[in-house]
Amino acid sequence: MAKLLEVKDLKKYFPVRSAPLGFGRKWVKAVDRVSFTIAPGETLGLVGESGCGKTTVGRSILRLIEPTGGKVFFKGTDITSLAGKKVRLFRPKMQIVFQDPYSSLNPRMVVLDLVGEGLHGVSLQKKKDLVVGVLERVGLSPEILYHYPHEFSGGQRQRIAIARAILLQPELLICDEAVSALDVSIQAQIINLLIKLRQEMKMAYLFISHDLAVVKHISHRVAVMYLGQIMEVAPTKRLFANPLHPYTKFLLAAVPVPDPECKRERLVLSGEAQMGADFARTRVDEGCCFAPRCPYAEDRCRREEPPLVTAGKGHQVKCFLVKSK
Amino acid sequence: METALLEVKNLAVHFQTAGEPGGAGIAGGVSAGVIKAVDGVSFQLLPGETFGLVGESGCGKSVTALSLLKLLPTPPAILAGGEVIYRPEKKRPGKDLWQLPHGDLLKLRGKEISLIFQEPMTSLNPVMKIGRQIGEALRIHSAEKTPAAKEIRREVLAMLTRVGIHHPERAYDAYPHELSGGMRQRAMIAMALICRPKLVIADEPTTALDVTIQAQILELLKELQASYHLSLLLITHNLGIIAETAHRVAVMYMGRIVELASVKELFHNPLHPYTLGLFSSIPRLDKEEALAAIPGMVPDPLRLPAGCYFAPRCPKAMEVCHREYPMSREVAPGHTVACWLQEK
Ligand SMILES: Nc1ncnc2c1ncn2[C@@H]1O[C@H](COP(=O)(O)OP(=O)(O)OP(=O)(O)O)[C@@H](O)[C@H]1O
Ligand SMILES: Nc1ncnc2c1ncn2[C@@H]1O[C@H](COP(=O)(O)OP(=O)(O)OP(=O)(O)O)[C@@H](O)[C@H]1O
Ligand code: SF4
Ligand SMILES: [Mg+2]
Ligand SMILES: [Mg+2]
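This write-up is about the structure you can find in this document. Only a predicted model underlies this, so the values are computations on that prediction, with no experimental measurement involved.

Overview of the packing of helix 6 (residues 181–193) of chain B against helix 7 (residues 211–228) of chain B
Residue and element names in this part refer to chain B.
Part 1: One can describe the packing of helix 6 onto helix 7 by two numbers: an axis separation of 10 Å at closest approach and a directional angle of 15°. When the axes of helix 6 and helix 7 are compared, the pair comes out roughly parallel. The two elements helix 6 and helix 7 meet at a crossing, and its hand is right-handed. Contacts from G182, Q185, R186, I189 and L193 of helix 6 reach helix 7 at I213, Q216, I217, L220, L221, L224 and Y228.

Structure below.
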């Protein structure tokens, strides 16, 4: 399958606030050697708990922040090495929708200008036509053209943000917690909308979320992140039916199931992920980053970093306990 | 039915809103008027049970919880009506918390009835060490003589251990911001339980936490509830949490309870179209199904529909639904529904 996006060894380190400059300075490895690909029209889900680096991956791909290392290829072009102006040529093809439609839409602009902002050198009439067309696509009425963001509910604002993102027919849409702030009944509407648009416009999604059920619902493949690294990636069905990484198993077991009769093994992971400036990972880069919480950790896990092994078709896992096939 | 520990009858809490210039946009905006945030809510909390209150944002869950102990600032809140009968001793008549002299209510708060919030920082004092805060709660609420400082320290450390804090001494001497979110939530639970309350009100206690930490906290709450025989009023928008934690549950929509039943009954035989809509809106790990979203959105609380509040979004709405709000009726023992479809 051709690759639309290829991310290779992506790294983003942030300096730790309190550490002294220069030698011995500490870094938060927000994204640590992350690699994956997305095929045209494919949805890759990116899950993991707060602070594991999901947003940083998304923003680095678009170069909204500069990665510390690694490469990002979009349709074969290395966009990490492009100079500023040339990056802009790729922008229309790669768009992003954020969690918080309240802060991502300029409060002083009306819908027509918000949604049509990316259009240049077109007549007003043409702009209106295009915006009305895309509003209809996302289930909004053309009557709202001259209204401001504060006049809308959260779900409507998210529709406006999606309309804005898809106006120029991107091939890749990065959804960063795009439905996380919404109530379930509205969340379901937006998920269904994203599924419909994906089919109609043949877009690929990088769907970032901490909500495993949502990710399972929308993704073709899923990558699980922990402390800046991808621990497991597999086709969705496979990952949820047969998770292999201990972290993935605990993560799945932690999701409350809306069925009071559901009798299942209670797997509760102890401890907490230690990441971010307050914790500044002090570990030397040794061993598996999940080892401190992993109940199956052996001596080797604390000494050596496990390689990413292939455990089945499209299924890769970073754990010594998993044998490669 | 058993004698209730807490009996909430026809609770009504309103807000007077001033509105904003140019309010009332497409989605309602903000205009002036009275919001009936809680409008005739009734339920009972039995000794030792977990009662879940579920519903979407703005349906009145927090207002219900806070008003029970008169914790809402008035104004803007208006305690418009209702009774909150607290009956700690089965043989004795209960007392209405809303009619209690302020001093008596203060004595109950934190001692017999305590609260756990979504964000521990709202109830923890940021400039006081964890151990002292929890000890303070114990000292204030000790009946006659104040226990010795050493005694208090011992009890606090025991409680910190009880809620799963591995280095209780370290946590004792830490300020709230020095703890992780999960640890702060444990500290708040310790504070809520230090006086051995009979009733704990938990408003979205795990919503701000990661799923693995959420699982730890929910296990802890379940376990503490069983060992202390607590009654727990658990507020959440997460039906999964309800299924795993609650015994009975009430579903709220626009300030009213639309359906109330045991958890098993509600999950296996949901009757209100809104409850059904909620169920078909949630993506699940244990099933593969297309999502059937509820169409439309919640009405503007200042311009509620004439009949059933759910009628504009309801796939089964009939003519009468748009005219009159349906009465709540008991369709099976312990299962009540407010929907015209049940009037036969
Ligand atoms: N600008 C920044 N400066 C310093 N550290 C940062 C910065 N942005 C992110 N980080 C750190 O990088 C790590 C990864 O953050 P990121 O926002 O990518 O996580 P996330 O997986 O998106 O989390 P969430 O689910 O909470 O959105 C965190 O430890 C965070 O504190
Ligand atoms: N201080 C206030 N002033 C005006 N209106 C208020 C105030 N507090 C709450 N309300 C209104 O009361 C209604 C119920 O709010 P409440 O906070 O109880 O909702 P909730 O069910 O807890 O929602 P969430 O899931 O978002 O916490 C809402 O319409 C809200 O706007
Ligand atoms: S009363 Fe009518 S509108 Fe309301 S939920 Fe029942 S059927 Fe739907
Ligand atoms: Mg993020
Ligand atoms: Mg609330």
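Details of the sheet that holds strand 5 (residues 95–96) of chain B
Residue and element names in this part refer to chain B.
Part 1: A sheet is described by the order of its strands in space; here four strands give the open sequence 2-1-4-5, paired in antiparallel fashion. For this open sheet the edge positions go to strand 2 (33–45) and strand 5, each flanked by a neighbour on one side alone.
Part 2: In this structure, strand 4 (residues 77–86) lies alongside strand 5, joined through two bridges in antiparallel fashion. Looking at strand 5, one finds that Y86 is bridged to K95.
Part 3: Contacting strand 1 (6–17), strand 2 and strand 4, helix 1 (residues 61–68) crosses the sheet at an angle of about 115° to strand 1.

As for the site of ligand 1
All names here are of chain A.
Part 1: The immediate surroundings of ligand 1 are formed by 13 residues, with S50, G51, K54, T55 and T56 found nearest.
Part 2: Here an oxygen atom of ligand 1 and a backbone polar atom of G51 are 2.7 Å apart.
Part 3: Between ligand 1 and K54, the relevant distance is 2.8 Å, taken from an oxygen atom to a side-chain nitrogen or oxygen of the residue.
Part 4: Contact with the protein chains hides 63% of the accessible area of ligand 1, taken as 630 Å² for the molecule alone.
Part 5: Of the residues forming the shell around ligand 1, the biggest block, three residues, is contributed by helix 1 (residues 54–61).
Part 6: When the residues that make up the shell around ligand 1 are grouped by side-chain class, the tally is four nonpolar, six polar and three charged.

Quick look at the site of ligand 2
All names here are of chain B.
Part 1: Inspection of the region around ligand 2 gives F15, A37, E56, S57, G58, C59, G60, K61, S62, V63, P76 and E204 as its neighbouring residues.
Part 2: Between ligand 2 and G60 there is a distance of 3.0 Å, counted from an oxygen atom to a backbone nitrogen or oxygen.
Part 3: In isolation ligand 2 has 640 Å² of accessible area, and contact with the protein removes 65% of it.
Part 4: When residues of the shell around ligand 2 are assigned to their parent elements, the largest contribution, three residues, is made by helix 1.

Definitions and limits used
- Residues numbered from 1 in each chain as written.
- Chains lettered and ligands numbered in written order.
- Predicted model: local features only at pLDDT ≥ 70, side-chain atom pairs only at ≥ 80, totals over all residues.
- Heavy atoms only, no water.
- Axes fitted to C-alpha atoms, helices over the stretch in contact; angles between N-to-C directions.
- Helix = DSSP H or I, 4+ residues; strand = E, 2+ residues; numbered from the N terminus.
- Parallel < 35°, antiparallel > 145°, perpendicular 65-115°, else oblique.
- Left-handed = near helix turned anticlockwise from the far one by under 90°.
- Contact = heavy atoms within 4.5 Å.
- Pairing = 2+ DSSP bridges.
- Near = heavy atom within 4 Å.
- Polar contact = N/O pair within 3.5 Å; in protein donor to acceptor, adjacent residues only side chain to side chain.
- Areas by Shrake-Rupley, 256 points an atom, 1.4 Å probe, with all protein chains shown as cover.
- Nonpolar A, V, L, I, M, F, W, Y, C, P; charged D, E, K, R; others polar.

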